[in-house]
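Commentary on secondary and tertiary structure
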Amino acid sequence: MQPSKMEAQSLDAKDLRGTDDNNPRSTAVLRELHGLPINGLSDSYLFTVDEKEFSRLDVHHSMFTAALDGLFPPPATDAIHNALRVREGYAQPTVLDIGTGSGAWCIDMARAFPDATVVGMDLVPVKSSSLPPANCRFDVGNADTDLENMYQAESFNFIHARSMLQGVKDFPSFFRNIRKMLRPGGVFVTMEGKLTTWDENGQSIEYKEEGQPGFSWFRKTLYHMREALVTRNPNMELFYRLTDCVRDMGDDVWEKVEGFDLDLPVGNFDSPTVSPSERLGGKLFAESLSRLPDSIRPMLLSSSLTPEGVDRLATGLRAELKEPKVKQFSRFMYTWAVKK
């Protein structure tokens, strides 16, 4: 379905926001957890906030861009390009990235679609490694509580939410706001990684304790991440059925809802099941993972691990990434939908 026709205009920041023009979240309040800085707006998103984490997020973004050969899952490409076409007599195309992190995805999108306005939203002010173009800006807010007041209905042609749903406790409200903010014909893409691993045949690998055959430090890392997250966010199990969650909103909401899985190798190994793009993505994934223990230290210390246990886990993970003893893959689950 085509978007509602309206007077063509160039949208600025105020045009996209809701009634709250004086956003109290224009500067973020940080807090400490286990002596480390984290955001002050969400108690379920437990990554550090520092220069090292912004740098890791740049690598994380490059990983997906390499593995996907682009900025979004290939099956959704045509729908997204269609949603972002400039149409005479219609409003300027707009994009929202929820949980933008370092802002790298937004900056790349703004360069790829210079006729669109691209907005990144995060729990803390973005510190990008490159200068954002004029058609890109960033807001501070909590996707779990602030979306309805920050942005108007039917403001966006494309909404992207990657690796951020651990910070969302009210899934029904979040998805209702997505539907409300999208224009007719707009596209929603969300992605989360599954906290388990897979073999070359696509079969789930059973968790093994240290000392058992097949033990993996990466798998142990995922175990303790989940341990910390489920106590703070009761919706964690819904991560594994996001496509169903979106589809269950009703046949009157979406024109199309589909899923797409991306499997990347964990560590430095080759496999006949891996494409050249996925191999490059896997190398960048290993670089991101080598930095991950520092980023999630507050999270790991909120699990059953001691500081000494976290240090030992980090050492084991970094060694395993260089010389994997188990061939395993991490799965990233995409859901994309087109609004009627």
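Remember, it's a predicted structure, so these values are computed and weren't measured experimentally. All residue numbers refer to position in the chain's written sequence, counted from 1. Predicted model: local features are reported for residues with pLDDT of at least 70 only, side-chain atom pairs are reported and counted for 80 or more only, and whole-chain, interface and lining totals are derived from all residues. Excluded from the side-chain calculations are hydrogens and water; all other atoms, namely the structure's heavy atoms, are used.

Describing the nonpolar core
As a reminder of what qualifies: Only buried residues count toward a nonpolar core, which is a set of Ala, Val, Leu, Ile, Met, Phe, Trp, Tyr and Cys residues joined through side-chain atoms within 4.5 Å. Three labels apply to residues, based on accessible area from a 1.4 Å probe with only protein chains included: buried if under 20% of the type maximum, exposed if over 50%, partly exposed otherwise in between. Pairs of residues are marked as contacts when any of their non-hydrogen atoms sit within 4.5 Å.
Counting residues in hydrophobic clusters, the biggest one holds 88 residues, and the most contacted among them are I98, M109, F158, F174 and F188. Among all residues touching I98, those that are not within four sequence positions of it are M121, A143, L147, I159, H160, A161, R162, M164, F174 and I178.

A few points about the pairing of strand β4 (residues 117-122)
As a reminder of what qualifies: By definition, any uninterrupted DSSP run of H or I lasting at least four residues is a helix, any uninterrupted run of E lasting at least two residues is a strand, and each is numbered from the N terminus. Here the rule is simple: two strands pair whenever DSSP picks up at least two bridges between them.
Of all six residues in β4, six are buried, a share of seventy percent or more. Burial along β4 is two-sided: T117, V119 and M121 facing one way and V118, G120 and D122 facing the other are all buried. Strand direction decides the pairing type here: β4 and strand β5 (residues 136-140), joined by five bridges, are parallel. Opposite M121, over in β5, you have D139 as the bridge partner.

Here we look at the pattern of salt bridges
Rules: Here, a salt bridge means any Lys or Arg side-chain nitrogen found within 4 Å of an Asp or Glu carboxyl oxygen.
Evaluation of the coordinates by the stated rule reveals 16 salt bridges. Among the salt bridges present, the one from E51 reaches K127, with a minimum N-O distance of 3.9 Å. Note that E51 is positioned in helix α2 (residues 51-68) and K127 in the loop between β4 and β5, a separation of 76 residues in sequence. In terms of burial, E51 and K127 fall into one category: exposed. Of the charged contacts, one joins D311 and R297 as a salt bridge, the two residues approaching to 2.9 Å between their closest N and O atoms. In this pair, D311 is assigned in helix α11 (residues 307-322) and R297 in helix α10 (residues 297-300), connecting sequence segments 14 residues apart. What makes D311 partly exposed here is its relative accessible area of 40%. Given the relative accessible area of 21%, R297 is considered partly exposed. Ionic contacts of the salt-bridge type, sharing partners, join the residues K52, D294 and R318 into one network.

Here's the deal with helix α7 (residues 217-230)
Quick note on the threshold: By definition here, a helix of n residues has an expected span of 1.5 Å times n minus one.
For α7, which comprises 14 residues, the first-to-last C-alpha distance of 20 Å matches the rise-based estimate of 20 Å (1.5 Å per residue) to within 8%. Extensive coverage of α7 is indicated by the burial of ten of its 14 residues. All of the buried residues in α7 are W217, F218, R219, K220, T221, L222, H224, M225, A228 and L229. Among the structural elements, α9 (276-295), α10, α11 and β9 (329-339) are those in contact with the buried residues of α7.

Notes on the sheet that holds β4
The condition is simple: Working convention: axes come from line fits to C-alpha atoms, limited for helices to the stretch in contact. Angles between N-to-C directions cover 0 to 180 degrees.
The strand order across the open sheet built from seven strands is β5-β4-β3-β6-β7-β9-β8, with neighbouring strands paired in mixed fashion. The open sheet has two edge strands with one neighbour each: β5 and β8 (254-265). If you compare each strand with its neighbour and ignore which way they point, the axes differ by 15° on average. Along the sheet face, α9 touches β8 and β9 and points at about 70° away from the line of β8.

Details of the confidence of the model for the chain
Where we set the bar: For every residue, the predictor states its confidence as a pLDDT score lying anywhere from 0 to 100.
Taken as a whole, the chain shows an average pLDDT of 90; of its residues, 92% reach a score of 70 or greater. Of the regions scoring below 50 in pLDDT, residues 1-26 engages in 63 contacts with residues more than four places distant in sequence or in other chains.

Details of unusual backbone geometry
The phi torsion at E154 lies on the positive side, around 50°, for a residue other than glycine. Examined against the element boundaries, E154 turns out to sit in the loop between α5 (147-150) and β6 (156-162). Backbone geometry places S163, a non-glycine residue, at a positive phi of 55°. In this fold, S163 is placed in the loop between β6 and α6 (171-181).

Remarks on the pairing of strand β1 (residues 30-33)
With four bridges connecting them, β1 and strand β2 (residues 36-39) associate as antiparallel partners. Note on β2: the bridge partner recorded for E32 is P37. Linking β1 to β2, which pair antiparallel, is a turn of two residues; within it H34 sits at a positive phi near 55°.

Section: the packing of aromatic side chains
For clarity, the cut-off: Stacked, edge-to-face and tilted are the three classes for Phe, Tyr and Trp ring pairs, Trp counted by its six-membered ring, which pair at centre distances within 6.5 Å; planes under 30 degrees apart are stacked, over 60 edge-to-face, the rest tilted. Only lysine NZ and arginine CZ atoms are considered, and such an atom sits over a ring when it is within 6 Å of the ring centre and within 35 degrees of the ring normal.
Applying the stated criterion to the full structure yields 15 aromatic pairs. When the centroid spacing of 5.5 Å and the interplanar angle of 70° are considered together, the rings of F174 and F175 count as edge-to-face. Here the aromatic rings of F269 and F329 are separated by 5.6 Å at their centres, their planes lie at 85°, and the arrangement is edge-to-face. Placement of the pair is F269 in the loop between β8 and α9 and F329 in strand β9, with a sequence separation of 60 residues. By relative accessible area, F329 is classed as buried at 4%. Aromatic ring contacts, followed pair by pair, group F171, F174, F175, F188 and F239 into a single cluster. The residue whose ring lies beneath K194 is Y240, and the NZ or CZ to ring-centre distance is 4.8 Å.

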